[in-house]
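Take a look at the letters that make up each chain.
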Amino acid sequence: PFLIGSGFRIAVFLYALIFPILNEAGQPVSGLIVQQGIDFSFYVDSAEKLFSAPLSQIAEKFVAFYKAPFSRHIEILIAAPIVPALILGFDYQQGNTLPLALFYLGLGIALLALWLFWLRRMGLSQPMLLLFAILPNPLWFTLNISSDPPFAGLVAIFYLAYFSGKGEARFWALWGTAL
């Protein structure tokens, strides 16, 4: 199932390089095209604010927001730092989209491996493991640069460490970090 699932992800990724897949707004999604969705511009904007504004200013805005959430517009509201840091770290921009796209492909394959390993340990049958390996939703998030795959990775680390650690200190550190 892992070889079929990871091969399927790679094949879809390569297919989308040649024939971009349309998202819900009809915009093309491919490892060679900068994301265009409304959420993505929020992450790019957050990346600029997060790593250019003083930390004290960002902290003040968060405090102001949580004192009166949604009651007034806060001009520096930002996303959590993981996706903005990935955008900056991989220098994701027109003409340099492939490194982050390949990272997301690798993350999708790693998540597949983690969950297949766990499901096999739980006794799931081979046909069900194969069905799990080719589910379409994880395939989509292998292509679509968003917060979902990194969050899914943290959830997987938390879940697997928390429920397999049996109280050992090294597992506490792992699931606590993921949390």
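Heads up: these notes are all about the structure in this document. (Residues numbered from 1 in each chain as written. Predicted model: local features only at pLDDT ≥ 70, side-chain atom pairs only at ≥ 80, totals over all residues. Heavy atoms only, no water.)

## Regarding the environment of Leu 102
Mapped onto the elements, Leu 102 comes out in helix α5 (residues 98-121). Its relative accessible area of 44% is what places Leu 102 among the partly exposed residues. C-alpha separation for the pair Leu 102 and Pro 138, spaced 36 residues apart in sequence, amounts to 15 Å. (Helix = DSSP H or I, 4+ residues; strand = E, 2+ residues; numbered from the N terminus. Buried < 20%, exposed > 50% of the residue type's maximum accessible area, 1.4 Å probe, protein only.)

## Some details on the packing of helix α1 (residues 2-18) against helix α7 (residues 136-143)
It is at 10 Å that the axes of α1 and α7 come closest, and there the two elements cross at 50°. When the axis of α1 is compared with that of α7, the two are oblique. In the packing of α1 onto α7, the handedness of the crossing is right-handed. Contacts between α1 and α7 involve Phe 8, Arg 9, Val 12, Phe 13 and Ala 16 from the former and Pro 138, Leu 139, Thr 142 and Leu 143 from the latter. Looking at the contact of α1 with α7 residue by residue, the classes come out as seven nonpolar, one polar and one charged. (Axes fitted to C-alpha atoms, helices over the stretch in contact; angles between N-to-C directions. Parallel < 35°, antiparallel > 145°, perpendicular 65-115°, else oblique. Left-handed = near helix turned anticlockwise from the far one by under 90°. Contact = heavy atoms within 4.5 Å. Nonpolar A, V, L, I, M, F, W, Y, C, P; charged D, E, K, R; others polar.)

## As for the packing of aromatic side chains
Taken as a whole, this structure holds 14 aromatic pairs when the rule is applied. Measuring from ring centre to ring centre gives 6.1 Å for Phe 103 and Tyr 104, while their planes differ by 75°; the resulting arrangement is edge-to-face. Judged by relative accessible area, which is 33%, Phe 103 ranks as partly exposed. For Tyr 104, a relative accessible area of 1% gives the class buried. (Phe/Tyr/Trp six-rings, centres within 6.5 Å; stacked < 30°, edge-to-face > 60°.)

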